[in-house]
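# Reading the structure
Okay, here's what each chain looks like letter by letter:
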Amino acid sequence: MKLFVTGGAGFIGSEFIRQSIAAGDSVVNFDKLTYAGNLDNLVSVADNPRYSLVVGDICKAADVAEAMPEKCDAVVHFAAESHVDRSILSAEEFVLTNVLGTQVMLDVARHRKAGRFLHISTDEVGGDMEEDEWFREESPLEPSSPYAASKTAAEHFVRAAARTFGLETIVTRTSNNYGPFQFPEKLLPLAISNALEDRPIPVYGDGLQIRDWVHVADNCKALRLVLEKGFAGDTYHIGGGDPMTNLEVLHMLLRIVGKPLSLLTTVKDRPGHDRRYAVHFGKITRELGWRPETTFEAGLTQTIEWYQDNAHWVERCKNGDYRSYYETQYSPAGRG
Ligand code: NAD
Ligand code: TYD
């Protein structure tokens, strides 16, 4: 396949690109390289002749149109502002990138006659689930955070593009991803890196919020399957099938790294914090035969080992060195 991927320097997009290059696809990666874009994630494919990078902003239609080849097999749209806590501090970038940027991508994909448009959404668009309630593909969308609201709005534009212009769209909604190369601001990489350095791990509120965790490699395998075999116009949920409270997750993590529970430090709760996500992914299993391969404990152990073995990657995230390539090659000064 010839793929045009947005946000491929981020956590999930980079895994998707590594898998796609390994499978023989060609990939143009269109990424703005915000704080979340890290070219260290793509070192293993950077010199592959089937991979190329274009640094640009999905809100700028002319730049996207210039970068997108005519009639690519699919646009795979990961680019987004993705962190709930940042959206609470300021929602502006979320509206711009997640809503306006998605609309621009849909327009350009249509004009450049892309075969398919795979939109990567999140289980957070469903908001809180009651006890025993499951978030299904047809459930109402009731976002709680500015991040989730922007992803919900984006989904509506995707649906409208399919209905109004006949664009061949598919939406996936994934639960919390974890695994190698995740920027250390989200719960698991932050907790792993703090635990390894004997630093306190912030627990928001009572820590009894429930999340479903899916390994990023499993998620990307599902995305590739949906791209190849999913039905146009459909929505597919993707999950790990192992919902747990944040405290259960953190206790397991500390047990694996052999550090004391006393590292857990209660901090003020996140405003509007969703208590329970429960993504139901029976449809993708039934229709396409996908199910997660990695159990949470095995995936967490492997992820912890990755962070232990890649302390240099974490260090470069923390001290900002991961941006040096961008600054020398792509900043206005670097372009000379
Ligand atoms: P990330 O924050 O790690 O990466 C986002 C990427 O998008 C970065 O490379 C960044 O540079 C790029 N980007 C941001 N704004 C851009 C713009 N205006 N133009 C071009 N590129 C831009 O995100 P992630 O965790 O890899 O998530 C990828 C997608 O998956 C997002 O759409 C997110 O909403 C969705 N998602 C994530 C999770 C999760 O657990 N991480 C779960 C469900 C859905
Ligand atoms: P996060 O990784 O930010 O993902 P999301 O908010 O998209 O689910 O957070 C996962 C859960 O962990 C969520 O309930 C908030 C909580 N959390 C903490 O308790 N402490 C932290 O330092 C962070 C970042 C999150």
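Keep in mind the model is a prediction, meaning the values are calculated, not measured. Here the residue numbers are simple positions, counted from 1 along each chain's written sequence. As they are written, the chains are lettered A onward and the ligands numbered 1 onward, keeping that order. Under the rules for a predicted model, residues below a pLDDT of 70 receive no local features and side-chain atom pairs below 80 are neither given nor counted, while totals for whole chains, interfaces and linings still include all residues. In computing side-chain values, all of the structure's heavy atoms are included and hydrogens and water are not.

What follows is about helix α1 (residues 11–22). Helix numbers and strand numbers start at the N terminus; a helix is a DSSP run of H or I with at least 4 residues, a strand a run of E with at least 2. Expected span of a helix: the number of residues minus one, times 1.5 Å. Taking 1.5 Å of rise per residue, 12 residues should cover 16 Å, and α1 covers 17 Å from first to last C-alpha, within 8% of that figure. When we look at burial in α1, the residues that qualify are Phe-11, Ile-12, Gly-13, Ser-14, Glu-15, Phe-16, Ile-17, Arg-18, Gln-19, Ser-20 and Ile-21. Buried positions along α1 lie against β1 (2–6), β2 (26–31), β3 (51–55), β4 (74–77), β7 (176–178) and α7 (216–229). Of the residues trailing α1, Gly-24 is marked for its positive phi of about 100°. Only protein chains enter the calculation, and the probe is 1.4 Å; a residue is then buried if its accessible area is under 20% of its type maximum, exposed if over 50%, and partly exposed in between. We call two residues contacting when some pair of their heavy atoms lies within 4.5 Å.

Looking at soluble globular proteins, one finds that nonpolar side chains tend to be buried together. The term nonpolar core refers to a set of buried residues drawn from Ala, Val, Leu, Ile, Met, Phe, Trp, Tyr and Cys, joined through side-chain atoms within 4.5 Å. In this structure, Phe-16 and Ile-284 are the most contacted members of the largest nonpolar core, which totals 35 residues. Ranked by the residues each element gives to this core, the list is headed by α7, at seven residues. Those residues in contact with Ile-284, other than ones at most four positions away along the chain, are Ala-222, Val-226, Tyr-236, His-237, Ile-238, Gly-289 and Trp-290. Counting 29 residues, the second-largest nonpolar core is a separate cluster that includes Ala-191, Val-249, Leu-254 and Ile-304.

On to the confidence of the model for the protein. Scored between 0 and 100, pLDDT is the confidence that the predictor attaches to each residue. For the protein, the mean per-residue pLDDT works out to 96, and 96% of the residues sit at or above 70. Counting interchain partners and residues more than four positions distant, the pLDDT-below-50 stretch residues 332–336 has five contacts.

A few words on the site of ligand 2. Nearness is defined per residue: one heavy atom within 4 Å of the molecule or strand is enough. Taken together, 16 residues lie near ligand 2, and Glu-124, Pro-202, Arg-211, Arg-270 and His-273 sit nearest. Polar contact criterion, stated in full: a pair of N or O atoms within 3.5 Å, where within protein one must be able to donate a hydrogen and the other to accept it, and residues adjacent in sequence count only if both atoms are side-chain atoms. Between ligand 2 and Glu-124 there is a distance of 2.4 Å, counted from an oxygen atom to a side-chain nitrogen or oxygen. At 2.7 Å, a side-chain N or O of His-273 approaches an oxygen atom of ligand 2. Alone, ligand 2 offers 510 Å² of accessible surface; in the complex the protein occludes 96% of this. In short, Shrake-Rupley with a 1.4 Å probe defines the accessible areas, and a residue's cover is counted only from the protein chains shown.

By nearness alone, 28 residues border ligand 1, and Ile-12, Asp-31, Ser-82, Tyr-147 and Lys-151 come closest of all. Take Gly-10: an N or O atom from its main chain is 3.0 Å from an oxygen atom of ligand 1. Tyr-147 is positioned with one of its side-chain polar atoms (N or O) 2.6 Å from an oxygen atom of ligand 1. For ligand 1, whose accessible area on its own is 840 Å², the fraction buried by protein is 96%. When contributions to the shell around ligand 1 are tallied by element, the ones reaching two or more residues are α1, β5 (116–122), α5 (146–165) and β7. Element by element, the count of residues in the shell around ligand 1 is highest for β5, at three residues. For the shell around ligand 1, the residue count by class is 11 nonpolar, 13 polar and four charged. Three residue categories are used. Nonpolar comprises Ala, Val, Leu, Ile, Met, Phe, Trp, Tyr, Cys and Pro, charged comprises Asp, Glu, Lys and Arg, and polar comprises the others, including Gly.

Another aspect to go through is helix α8 (residues 246–257). With 12 residues, α8 should cover 16 Å at 1.5 Å per step; its first-to-last C-alpha distance of 17 Å lies within 8% of that length. Restricting attention to buried positions, one finds in α8 the residues Asn-246, Val-249, Leu-250, Met-252, Leu-253, Leu-254 and Val-257. Looking one or two places after α8, you find Gly-258, whose phi comes out positive at around 70°.

With that settled, the discussion passes to the packing of aromatic side chains. Here is the rule: rings of Phe, Tyr and Trp (six-membered ring for Trp) pair when centre to centre is within 6.5 Å. Planes less than 30 degrees apart are stacked, more than 60 are edge-to-face, and the remainder are tilted. Under the definition given, this model contains 13 aromatic pairs. Arranged with centres 6.3 Å apart and planes meeting at 80°, the rings of Phe-94 and Tyr-147 form a pair that is edge-to-face. Of this pair, Phe-94 sits in helix α4 (residues 92–111) while Tyr-147 sits in helix α5, placing them 53 residues apart in sequence. With relative accessibility at 2%, the residue Phe-94 sits in the buried group. Each ring, one from Tyr-307 and one from Trp-313, has its centre 6.1 Å from the other, and the planes form 80°; the classification is edge-to-face. Residue Tyr-307 is classed as buried on the basis of its relative accessible area, which comes to 3%. Here the aromatic cluster, defined as three or more aromatic residues joined through ring pairs, consists of Phe-181, Trp-306, Tyr-307 and Trp-313.

Attention now goes to the pattern of salt bridges. Salt bridges are identified by distance alone: a Lys or Arg side-chain nitrogen within 4 Å of an Asp or Glu carboxyl oxygen. Counted by the stated rule, this structure contains 19 salt bridges. We note a salt bridge from Glu-168 to Arg-116, for which the minimum N-O separation is 2.6 Å. In this pair, Glu-168 is assigned in the loop between α5 and β6 (169–174) and Arg-116 in strand β5, connecting sequence segments 52 residues apart. Relative accessible area serves as the criterion here: at 14%, Arg-116 is assigned to the buried category. Residue Asp-206 pairs with Arg-275 through a salt bridge whose shortest N-O separation is 3.0 Å. Residue Asp-206 is found in the loop between β8 (201–204) and β9 (210–211), and its partner Arg-275 is found in the loop between β13 (264–267) and α9 (282–288); the two are separated by 69 residues along the sequence. Given a relative accessible area of 38%, Asp-206 falls into the partly exposed group. Each of Asp-25, Arg-224 and Glu-228 takes part in a single network of salt bridges with overlapping partners.

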